[in-house]
Amino acid sequence: MTAMSTAPRAAMKIGRAESLLRVRELGIGIAIVIVFGLTTLKNPAFAHALSVQQLLTGASLIALLAVGETLVIITRNVDLSVGSVLGFSAYIVGDVFVHHPHTPPIVGFMVGIVVGAVFGAINGLITTFMRVPSLVVTLATLYIIRGLDAMVVNGKQIDPSSVPKAFQIVGNRTIFGVPWLAIIVAVVVAITGYAMRSFRASRDIYAIGSNPEAAALAGVPIGKRVFTAFLISGSLAGLAGALFLSEVATVDATGGTGYELLVVAAVVVGGVAIFGGSGTVLGAALGALLLNTINQSLGALKLSSFWDQAVAGGLLLAAIAFDRGLGLRIAKRMKSARGEHRVV
Amino acid sequence: MSFDLATAPPRLDQAGSVRPSWRVLVRWETALVFIFVGALFFGASESPHFMTRTDVFFIGLNMGEIAIMALPLTLIVMTGEIDLSVAAMLGLSSTLLGYLYQNHWPIWLAMAAVLVIGAVGGAFNGFLVTKLGLPSIAVTIGTLALFRGIAEIVLGAKSVVNFPTKFTNIGVKPIPHTELSYSAGIFIVLAVVYGVVLHATPAGRSMIAIGLQSEAAFFAGIRVKRIKFVLYTLSGVVCAFAGILWTYRLSSSRYDNGLGLELDVVAIVLFGGVSIFGGRGSIFGVVIAVLVFGSLKEALTLMNISAQAQNIVTGGLLLISVILPNVADSLRRVRARAGLRA
């Protein structure tokens, strides 16, 4: 996906409508507004504050996972283990509270992040040192971590009574009407988004995804950067695990099962190219919000709640097909433009 | 393997003719046979019931559908692509079979319809991968969610039971005069067919060529896209068929039948020595991998280890099977470099 790097030159000849289309964040924003508007027309209760808060809360964890996933996918890798990491971390944090009821909430979140970071590091090490395709590595760790989870949990579960009230506030309260969860995710998106635009290391990540050979020749430390991407993805999944526990206050061995599909769908719908090199964390987070908005609107329209997966899968396919079509059009235009006088 | 000589310039180990005697020992398939024997000893030492007559039947029963789905996936991976939607297709097929049967379709007609749906689903994958040129990883993750999602829409949380006994018998009775389950018998027949196709026909050669160098294969006149399209369609049909077997074996049709089974199928194919980058591997290796998985899982089950925990072993074997060739490769490269210097 080299479309991004060559975009400025091609943009001169591209109509305004199409260049707007290529600002994916805007497109998704419009899609969210349309879905929201249409659903509200049919069922006005959809626009109530409580319902909107549910939209934000429901999308938060997937959006958080999508931020880390974005970094990994931009490097031309993929992390399928995020759902398992979330489940494992949630249980471990809960277990800490069970054994040490007076642990301050902030320590709970730290524990979650550390647990996630360990798994992220393992994924990163195997992928970079052993030079094994990350698809296979993280497919394997998806099941290995889930299996470890099952062994640790051993049929038990964390009860709401053992999760401190102070810890549950984060997942359930709002501040000025905005859920804490959404604020935390927004902060993470803002920081990561800024970093991805401005830091040299993050530009390296884009370079690796666009063209690994060229990046290597340009002196980019590929292994280090890819490792970092997995580390961040794991850490965020760990944080998401702690937030998961603070939201639902109970967890067994199945927490977060199947999340990886929703996350990958959100990221790809959010305009991150599956073959790396382009995309933004804001787009991915908005992708998660769009998926959740559609799901909740299906509920508000009294359609069955069984549509989640089919919608996620359909949107994912539509998004990659759309990107492919756009990419082909741009490539075609640049090819024909090369024949004419260049007016740059 | 005449392709090896022609297409492996980056490898510096073309000294195969110099030391042919032990080269056969380092073939992955040979290692697999030893691993299989090891697994047998392990199982026998852990439980007296291991590999008894009924145990063989249960291993065949447990592995049948997974093994059958591994065959078309082997061909797909040989061409350098992947299909992660296999288990979702099994679930969709099982769901539709139950749904149609519940709505009083004749059972044979329902089965035929399910196979057609399988072909359509597989062709949909193939269309997206070949005609639109989309990456198969993303496509099949998408259809994984889509197929499973459609199954969920069709049956919801309900399940359909009470299939005709003559069919559900395949879950309790072996093929007469043997200890093989019907699914295992079908797998053996299919494995022979797939083995012949992959290793002894022009079509099979073409698949290997595509996996080694897709562009070169294209310029050599191989219909790359058509072959891939056919393989995806075939995979859809075979997985739908596996879904029918699964439904009858459990005598139950639910949307979450075979949830997460893609790990086992992919693990078996890669553990069987098929390169994830395409072009290398054999049906024989996959068959041995099925045996290893089957006996290991049975041994663990006899040791009362939960299915969830068994996934650690499956995942671990998957990791090993992709890490080991790489380690071996870099060792070989180091040795070759040392050889050049000397």
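**So, the overall build of chain B**
Argument step 1. Within chain B one finds 15 helices and zero strands.
Argument step 2. Here the C-alpha atoms of chain B give a radius of gyration of 21 Å, agreeing with the 20 Å that 2.2 N^0.38 yields for 342 residues.
Argument step 3. Overall, chain B is about 75 × 55 × 35 Å in size when its C-alpha atoms are taken along their principal axes.
Argument step 4. Residue burial in chain B is summarised as follows: out of 342 residues, 49% are buried.
Argument step 5. When contacts within chain B are restricted to residue pairs at least 6 apart in sequence, long-range pairs at least 24 apart make up 80% of them.

**A look at the confidence of the model for chain A**
Argument step 1. Predicted confidence across chain A gives a mean pLDDT of 86, with 91% of residues reaching 70 or more.
Argument step 2. Segment residues 1–13 of chain A is flagged for pLDDT under 50; beyond a separation of four residues in sequence, or across chains, it makes 22 contacts in the model.

**Quick look at the environment of Ile-183 of chain A**
All names here are of chain A.
Argument step 1. When you line up the elements, Ile-183 lands in helix H9 (residues 180–198).
Argument step 2. Judged by C-beta crowding, with 16 C-beta atoms within 10 Å, Ile-183 ranks as partly exposed.
Argument step 3. Note: C-alpha distance between Ile-183 and Pro-104 (79 residues apart in sequence) is 21 Å.
Argument step 4. The contacts of Ile-183, once residues within four sequence positions are left out, are Ile-175 and Val-178.

**Some thoughts on the interface of chain A and chain B**
Argument step 1. Facing the 39 residues of chain A at the interface are 37 residues of chain B.
Argument step 2. When residues in the side of chain A that touches chain B are grouped by element, the largest group, 13 residues, is from helix H7 (residues 134–153) of chain A.
Argument step 3. Of the residues assigned to the side of chain A that touches chain B, the class counts are 29 nonpolar, six polar and four charged.

**Re the packing of helix H5 (residues 86–102) of chain B against helix H12 (residues 224–250) of chain B**
Residues and elements named next belong to chain B.
Argument step 1. Between H5 and H12, the least distance of the axes is 7 Å, while the angle of their chain directions is 55°. One element, H5, and the other, H12, form an angle in the oblique class. Considering how the two elements wind past one another, H5 and H12 form a crossing that is right-handed. On H12, the residues touching Val-86, Met-89, Leu-90, Gly-91, Ser-93, Ser-94, Leu-97 and Gly-98 of H5 are Ser-235, Gly-236, Cys-239, Ala-240, Ala-242, Gly-243, Ile-244, Trp-246 and Thr-247.

**Quick word on the nonpolar core**
Argument step 1. The biggest cluster of nonpolar side chains holds 212 residues, and the ones touching the most others in it are Leu-65, Ala-265 and Ala-285 of chain A.
Argument step 2. Sorting elements by how many residues they give to this core places H12 of chain B first, with 15 residues.
Argument step 3. Ignoring anything within four residues of it in the chain, the contact list for Leu-65 of chain A reads Val-82, Leu-86, Leu-236, Ala-237, Ala-240, Tyr-259 and Val-263 of chain A.

**Side note on unusual backbone geometry**
Residues and elements named next belong to chain B.
Argument step 1. Positive phi values are uncommon outside glycine, yet Met-51 reaches one of about 65°.
Argument step 2. Following the sequence through the fold, Met-51 ends up in the loop between helix H3 (28–46) and helix H4 (53–78).
Argument step 3. Judged by local crowding, Met-51 falls into the partly exposed class, with 15 C-beta atoms found within 10 Å.
Argument step 4. Although it is not a glycine, His-104 adopts a positive phi angle of roughly 65°.
Argument step 5. Counting through the fold element by element, His-104 comes out in the loop between H5 and helix H6 (107–131).
Argument step 6. The exposed category is assigned to His-104, around which 7 C-beta atoms lie within 10 Å.

**Looking at the packing of helix H5 (residues 82–99) of chain A against helix H6 (residues 105–129) of chain A**
Working note: a packed helix pair is described by the angle between its axes plus the distance between those axes.
Residue and element names in this part refer to chain A.
Argument step 1. Two numbers describe how H5 lies on H6: the axes approach to 9 Å, and their chain directions differ by 140°. With respect to H6, the element H5 is oriented oblique. Regarding H5 and H6, the two cross each other, and that crossing is right-handed. For the pair H5 and H6, the contacting residues are Val-85, Phe-88, Ser-89, Ile-92, Val-93, Val-96 and Phe-97 in the first and Gly-108, Val-111, Gly-112, Val-115, Gly-116 and Phe-119 in the second.
Argument step 2. Looking at the contact of H5 with H6 residue by residue, the classes come out as nine nonpolar, four polar and no charged.

Criteria and cut-off values
Residues numbered from 1 in each chain as written. Chains lettered and ligands numbered in written order. Predicted model: local features only at pLDDT ≥ 70, side-chain atom pairs only at ≥ 80, totals over all residues. Helix = DSSP H or I, 4+ residues; strand = E, 2+ residues; numbered from the N terminus. Rg over C-alpha atoms; globule rule 2.2 N^0.38 Å. Buried ≥ 20, exposed ≤ 12 C-beta atoms within 10 Å, placed from the backbone. Contact = placed C-beta atoms within 7 Å. pLDDT = per-residue confidence, 0-100. Nonpolar A, V, L, I, M, F, W, Y, C, P; charged D, E, K, R; others polar. Axes fitted to C-alpha atoms, helices over the stretch in contact; angles between N-to-C directions. Parallel < 35°, antiparallel > 145°, perpendicular 65-115°, else oblique. Left-handed = near helix turned anticlockwise from the far one by under 90°. Core = buried A, V, L, I, M, F, W, Y, C linked by C-beta atoms within 7 Å.

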